Each structure stands twice: as C-alpha cells, then as structure tokens.
Amino acid sequence: MRPGHNVRTMPVTARPPRPGALHTRKQDVVRTAISEAAIELFAGAGFEETTIDEIAAAAGVSTRTFFRYFASKADLLGQGMVRYRALLTEGIAAAPRGLGPLQVVRYAAERVATEGAAFPRIRQILQITSHSAAAREAQLARRAEVEDGLAKAFAARFPTRRRDNLMPRLLGGLTLSLLDVTFRVWSAGDKPITNALDDVFKALTAVVDEKAVQSR
C-alpha cells in the first residue's frame, strides 16, 4: 500500500439486541402505557367507576393483554408500591456511613421524596388515593411488603445480635409515615418537596422532644 493512501475501514455495526432484551423492553412499554392510561382515567372518572375495558381501550390494547400484566385495577395501582420499596431500600443502603438511624431515615426519605415529586403523575395518584377508599386499600395491600423490605434494609444497616430488636421495624414504619405526610403536605401547597420534608421533620422533633412539646 502506497504511503499516504487513505485506508477505508469497514463500518462498525452495532451488535443487535438480544431477543430477550427486546421482549422485555416491549413489555415495559405496554405496561407503562396501560398504567398511564389507567391513572388518567382514575383521576378523571374515579377509581371505582373506571372499568378494565375502558383502561384497555385507552391504552390501545385488548382486555386480554391487560390481564397479562395486571390481575385487577387494584393490582395495577398497587404495583407502584413495589417500585417505592426498591427506591427506599436503595436509599437506606446508599446513605453515607457514620450516620445515625434517624439521619439515615432523613437521607432515604429526602432522596425518595425528591425523585417521587419529579414523577409526572404523582399528583394524580395522590388525588386518586385521597378521593377513593378502594384506591387506598389497593396501595395498603402492598404496604406490608414495603414495611418488611425496609425493616430488612435497616437491620442490615444497623446489625445487632438481639433477636427481639424492634428498631429496624420502627424505623421502617417511621420512614413510610414521614413520607406519607410529606407528600400530602407538598401536594396541598406550592412549596418544594424538600421544604415540606423539613417541616415534617421539625414537627417530628417537637413531638419526640418533651421539653419542646411542653413549651408550646
């Protein structure tokens, strides 16, 4: 080959995605489409009033396809709690070393609150659960799973030899309660969710500090 001659190389083609990966991606797209259509209908017409046929039609799928992904309307709404548990347990594990139990609660709560507030349909979901007892029950049906997951995460973060240690479960319940109140306060006002979380933690401090309570 002569010096200075340009060498043409064969174009590098991307490796085609694995069939399994494509199938999973398609499932995620369909699941998301069904969920978003359902939330839109729940917020507009009501949870109890919305039928599965209407959800399927709005999502552009068949009723049979709906049942491939969700067992019922309640199951669809409760699926968000699975993601909620994952975010919280990740937050507990990611908290910097050296933090005390309540500091880890605060770290995980702030991380999840910030991410949750950025979710486009979070206000609609809060509206749905605040207006429908059945919708609240759908989420509460999965709440025990979340509490168990948080208790395990706190137990791993603060290991102890005591078999009767209640701290992990108390911390898990406290985290969920703080976030419940934080999201309600935030959705009812116009302040950033981190400010709402600050207010909730200040109220908690006043409750657990007897001197602060007595002086009010």
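The structure displayed is predicted, hence computed values, not measured ones.

1. Remarks on the overall build of the chain
When you go through the chain residue by residue, the secondary structure sums to 10 helices and 0 strands. Long-range pairs, those at least 24 residues apart, make up 63% of the contacts in the chain between residues at least 6 apart in sequence. Accessible surface, the chain as shown: approximately 13800 Å² in total, 56% of it carbon and sulfur.

2. Describing the nonpolar core
Among the nonpolar cores identified, the biggest contains 31 residues, and Tyr84, Leu88, Ile92, Phe154, Leu179, Phe183 and Trp186 are the most heavily contacted of them. Those elements that place two or more of their residues in this core are helix 4 (73-94), helix 5 (101-117), helix 6 (122-131), helix 7 (133-157), helix 8 (167-188) and helix 9 (193-208). The contacts of Trp186, once residues within four sequence positions are left out, are Ala117, Ile122, Arg123, Leu126, Lys191, Pro192, Ile193 and Ala196. Core analysis: the second largest hydrophobic core is formed by 19 residues, Ile55, Phe66, Leu76 and Ala138 among them.

3. Description of the environment of Pro168
Tracing the chain through its elements places Pro168 in helix 8. Judged by its relative accessible area of 8%, Pro168 falls in the buried class. Separated by 12 residues in the primary sequence, Pro168 and Ala156 place their C-alpha atoms 8.8 Å from one another. Not counting the four nearest positions on each side in its chain, Pro168 is found in contact with Ala151, Phe154 and Ala155.

4. Remarks on the packing of helix 8 against helix 9
For the pair helix 8 and helix 9, the least separation of the axes is 9 Å and the interaxial angle reads 125 degrees. By the angle between their directions, the pair helix 8 and helix 9 is classed as oblique. Crossing hand, helix 8 versus helix 9: right-handed. Each of Leu174, Leu178, Val181, Thr182, Phe183, Val185 and Trp186 in helix 8 lies in contact with helix 9, whose residues at this interface are Ile193, Ala196, Leu197, Val200, Phe201 and Leu204.

5. Digging into the confidence of the model for the chain
Mean pLDDT over the chain stands at 87; residues scoring 70 or higher make up 87%. Mean pLDDT values for the elements of the chain range from 52 in helix 10 (residues 210-215) up to 97 in helix 2 (residues 52-59). Note on residues 1-14: pLDDT under 50 across the span, and 1 contact to partners over four residues away in sequence or across chains.

6. Some points on the packing of aromatic side chains
Inspection of every chain in the model, using the stated rule, returns 4 aromatic pairs. Between Phe66 and Phe67, the ring centres sit 5.4 Å apart and the planes meet at 85 degrees, which makes this aromatic pair edge-to-face. Phe67 sits in the partly exposed class, given a relative accessible area of 43%. Looking at Arg123, its charged tip hangs above the ring of Trp186, at a distance of 4.0 Å from the centre.

7. A few points about the packing of helix 6 against helix 8
Between helix 6 and helix 8, the shortest axis-to-axis distance is 11 Å and the interhelical angle comes to 105 degrees. In terms of axis orientation, helix 6 runs roughly perpendicular to helix 8. Contacts between helix 6 and helix 8 involve Ile122, Arg123, Leu126, Thr129 and Ser130 on the former and, on the latter, Phe183, Arg184, Trp186 and Ser187. A breakdown of the residues in the contact of helix 6 with helix 8 according to their chemical character gives 4 nonpolar, 3 polar and 2 charged.

8. So, the pattern of salt bridges
This model, assessed by the stated rule, comprises 12 salt bridges. Between Asp28 and Arg31 there is a salt bridge, and its shortest N-O distance comes to 3.4 Å. Linking Asp28 with Arg31, this pair stays in helix 1 (residues 19-45), spanning 3 residues, or about one helical turn. Relative accessible area serves as the criterion here: at 32%, Arg31 is assigned to the partly exposed category. Two residues, Glu145 and Arg142, come together in a salt bridge whose shortest N-O distance is 2.8 Å. Taken together, the residues Glu145 and Arg142, both in helix 7 and 3 residues apart, mark about one turn of the helix. Overall, the relative accessible area of 18% leaves Arg142 in the buried class. Three or more residues joined by partner-sharing salt bridges are found here, namely Asp75, Arg85, Arg142 and Glu145.

Definitions and limits used
- Residues numbered from 1 in each chain as written.
- Predicted model: local features only at pLDDT ≥ 70, side-chain atom pairs only at ≥ 80, totals over all residues.
- Heavy atoms only, no water.
- Helix = DSSP H or I, 4+ residues; strand = E, 2+ residues; numbered from the N terminus.
- Contact = heavy atoms within 4.5 Å.
- Areas by Shrake-Rupley, 256 points an atom, 1.4 Å probe, with all protein chains shown as cover.
- Core = buried A, V, L, I, M, F, W, Y, C linked by side-chain atoms within 4.5 Å.
- Buried < 20%, exposed > 50% of the residue type's maximum accessible area, 1.4 Å probe, protein only.
- Axes fitted to C-alpha atoms, helices over the stretch in contact; angles between N-to-C directions.
- Parallel < 35°, antiparallel > 145°, perpendicular 65-115°, else oblique.
- Left-handed = near helix turned anticlockwise from the far one by under 90°.
- pLDDT = per-residue confidence, 0-100.
- Phe/Tyr/Trp six-rings, centres within 6.5 Å; stacked < 30°, edge-to-face > 60°.
- Lys NZ or Arg CZ within 6 Å of the ring centre and 35° of its normal.
- Nonpolar A, V, L, I, M, F, W, Y, C, P; charged D, E, K, R; others polar.
- Salt bridge = Lys/Arg side-chain N within 4 Å of Asp/Glu carboxyl O.

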